[in-house]
Amino acid sequence: MFFLKHIFRLREKWQIEREDEEKPFLEHLDDLRTMLLRMALCLTVSTILCAGFASNLMDILRRPVNQVWDMFEESHLPAGIGLEAWGKAKEMATAMTSLDDSQKKLLLRQVSPSQGDLTEAALVLRGAQPLPEDRKKIFIRDGSPTSSVRELAEALDAKEAILTDGTGRGALKMMSAFQPGEAFMLTIKLSLYAGVVISFPLLLYFLLQFIIPGLLEHERRLLYKCMAIGFGLFLAGTLFCYFIVLPRVLTFFYTYSLEFGISNEWRIGYYLSFATQMILMFGLAFELPVVVMPFVKLGVLTYDMMKATRRYAIVAIAILAAVITPTPDVATMMLMAVPMYALYEICIILAWMHERKEAARAREEVARFEEDFNNDNSPYNH
């Protein structure tokens, strides 16, 4: 209620400046209800539209997890062996376990010699996997059909290559639903998060339209620019988190669990909430200029004030970054804090430019007034 009263006072200030009648409190509440209904309708429509692309959205959200697994699996491969070739070799080795010798030879003739050697090396490693370490080396040496296969198998064993197939994702098991309706509810939740992203410009427009009513034409054009900048910053924050921060965070948790011998079984519901909330938080954090600049325009914040409180802003940004980023490492926190601080410095520069512009405008008005006052035909001289 305290926050609403301040919003209503701000609305009344803009109305008084335009010589409008002061609205009673109930009319402010009616405008608030209209704004909330518009935002709810907009969000509902965008959510329904996104629900039609739920499978694509799920693939997009799985991408950072697949990146973590691919990076981990690639680190256990010798140089010169790619993930695609190794994945195909594991699939063929799995299929060959149920074939006789003639069928195995026929299958190997369907691929290149290098792919065939890699497949046989994977098959040898599968056979040696349950053996003790000393006997495993003997099995690899004596069980390899050719010297090239033996060299590949020894190199793969030295790197502790991941032998599980691609569907199991090795030590990373996720995307499991434990309740009958969980997948359906997750689809709705994912569509809602995506709806927030795509409808963000309209949501921001409805909010600003409520806070600053009765905009003039040039002010509406300025509002559209602010909306575009706000959406651009929001989109930049979400993309920055999705492509840079989220894979790093997932890698940290994945490797941290392995160090303690804990298998990674990430439930889809928890992962979805974790990833989407983190992405949205980064998007909102990048809205700092959109939040600060209206206060600069209203005179609540000034260039001198923001410059003098820079040290406190750094501390506040560091605390906020530590809260938003779920990992305790400094590098991930800096990925959040550095862009926010850069945006804060941009706000200081914009505040300085705004004050210079306002000062120049004030000087022009004073000069115009003095010119009119000194004019012989001025009404001030009669």
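Residues numbered from 1 in each chain as written. Predicted model: local features only at pLDDT ≥ 70, side-chain atom pairs only at ≥ 80, totals over all residues. Heavy atoms only, no water.

- Going by what an unreviewed UniProt entry lists, the protein is known as Sec-independent protein translocase protein TatC and is assigned to Akkermansia muciniphila.
- Of the comments in the UniProt record for the protein, the one headed Function (unreviewed entry) reads "Part of the twin-arginine translocation (Tat) system that transports large folded proteins containing a characteristic twin-arginine motif in their signal peptide across membranes."
- The heading Sequence similarities (unreviewed entry) in the UniProt record of the protein holds the text "Belongs to the TatC family." (UniProt positions renumbered as here; feature names shortened; annotations may be inferred.)

A word on the nonpolar core
- Formed by 50 residues in total, the largest nonpolar core has its most connected members in Phe282 and Met306.
- Elements supplying a minimum of two residues to this core: α3 (54-74), α9 (182-198), α11 (217-259), α12 (268-285), α13 (288-297), α14 (303-308), α15 (310-324) and α16 (330-374).
- Excluding residues that lie within four positions of it along the chain, Phe282 makes contacts with Gly237, Phe240, Cys241, Val245, Ile324, Thr325, Leu335 and Met336.
- Counting 17 residues, the second-largest nonpolar core is a separate cluster that includes Trp86, Ala89, Leu118 and Leu125. (Core = buried A, V, L, I, M, F, W, Y, C linked by side-chain atoms within 4.5 Å. Buried < 20%, exposed > 50% of the residue type's maximum accessible area, 1.4 Å probe, protein only. Helix = DSSP H or I, 4+ residues; strand = E, 2+ residues; numbered from the N terminus. Contact = heavy atoms within 4.5 Å.)

Digging into the packing of helix α6 (residues 113-128) against helix α8 (residues 147-158)
- Relative to each other, α6 and α8 sit at 60°, their axes nearing to 8 Å. Classed by the angle they form, the pair α6 and α8 counts as oblique. At the point where α6 passes α8, the crossing takes the right-handed sense. Between α6 and α8, the residues in contact are Asp117, Leu118, Glu120, Ala121, Val124 and Leu125 and Ser148, Val149, Leu152, Ala153, Leu156 and Asp157, respectively. (Axes fitted to C-alpha atoms, helices over the stretch in contact; angles between N-to-C directions. Parallel < 35°, antiparallel > 145°, perpendicular 65-115°, else oblique. Left-handed = near helix turned anticlockwise from the far one by under 90°.)

Overview of a positive patch on the surface
- A grouping of Arg221, Lys225, Lys297 and Lys357 is seen on the molecular surface, where their side chains present a positively charged patch.
- Along the chain, Lys297 turns up in helix α13. (Patch = residues over 30% accessible without salt bridge, like charges linked within 9 Å, V, L, I, M, F, W, Y side chains within 5 Å. Areas by Shrake-Rupley, 256 points an atom, 1.4 Å probe, with all protein chains shown as cover. Salt bridge = Lys/Arg side-chain N within 4 Å of Asp/Glu carboxyl O. Lys, Arg positive; Asp, Glu negative; His and termini not counted. Charge placed at Lys NZ, Arg CZ, Asp CG, Glu CD.)

A short note on the packing of aromatic side chains
- This model, assessed by the stated rule, comprises ten aromatic pairs.
- Relative to Phe274, the ring of Phe253 has its centre 6.1 Å away and its plane inclined at 75°; by these criteria the two rings are edge-to-face. With Phe253 in helix α11 and Phe274 in helix α12, this residue pair connects regions lying 21 residues apart in the sequence.
- Residues Tyr256 and Phe260 carry aromatic rings whose centres are separated by 5.1 Å and whose planes lie at 50° to one another, so their mutual orientation is tilted.
- Members of the aromatic cluster, each reached through a chain of ring pairs, are Phe252, Phe253, Tyr256, Phe260 and Phe274. (Phe/Tyr/Trp six-rings, centres within 6.5 Å; stacked < 30°, edge-to-face > 60°.)

Quick look at the UniProt feature "transmembrane region" (unreviewed entry) in the protein
- What UniProt calls "transmembrane region" (unreviewed entry) maps, in this numbering, to residues 192-216, 228-250, 270-296, 308-325 and 331-353.
- Taken end to end, residues 228-250 is 100% helix and 0% strand, and its two terminal C-alpha atoms sit 31 Å from one another.
- With 100% helix and 0% strand, the stretch residues 331-353 has end C-alpha atoms that lie 33 Å from each other.

Describing the environment of Ala331
- Secondary-structure assignment places Ala331 in helix α16.
- Taking the C-alpha atoms as reference points, Ala331 and Arg248, 83 residues apart in sequence, are found 9.5 Å from one another.

Section: the pattern of salt bridges
- Evaluated as defined, the whole model comprises eight salt bridges.
- Across the pair Glu133 and Lys137 runs a salt bridge, and its minimum N-O distance is 3.8 Å. With Glu133 and Lys137 both in helix α7 (residues 133-143) and four residues apart, this pair spans about one turn of that helix.
- When its relative accessible area of 44% is taken as the criterion, Glu133 is described as partly exposed.

With respect to α3
- When the terminal C-alpha atoms of α3 are compared, their 30 Å separation across 21 residues agrees well with the 30 Å that a helix rising 1.5 Å per residue should span.
- Most pronounced at Arg63, the bend in α3 amounts to some 35°, and the proline Pro64 follows within four residues.
- All of the buried residues along α3 are Ala54, Leu57, Met58, Leu61, Pro64, Val65, Val68, Trp69, Phe72 and Glu73. (Expected span 1.5 Å × (residues − 1). Bend = angle between axes of the 7 residues up to and from the residue.)

A short note on the side chain of Asp157
- Summarising the element assignment, Asp157 is placed in helix α8.
- By relative accessible area, Asp157 is classed as buried at 15%.
- Sequence-distant contacts of Asp157, that is, excluding residues within four places in its chain, are made with Leu125, Glu133, Lys136, Lys137 and Ile140.

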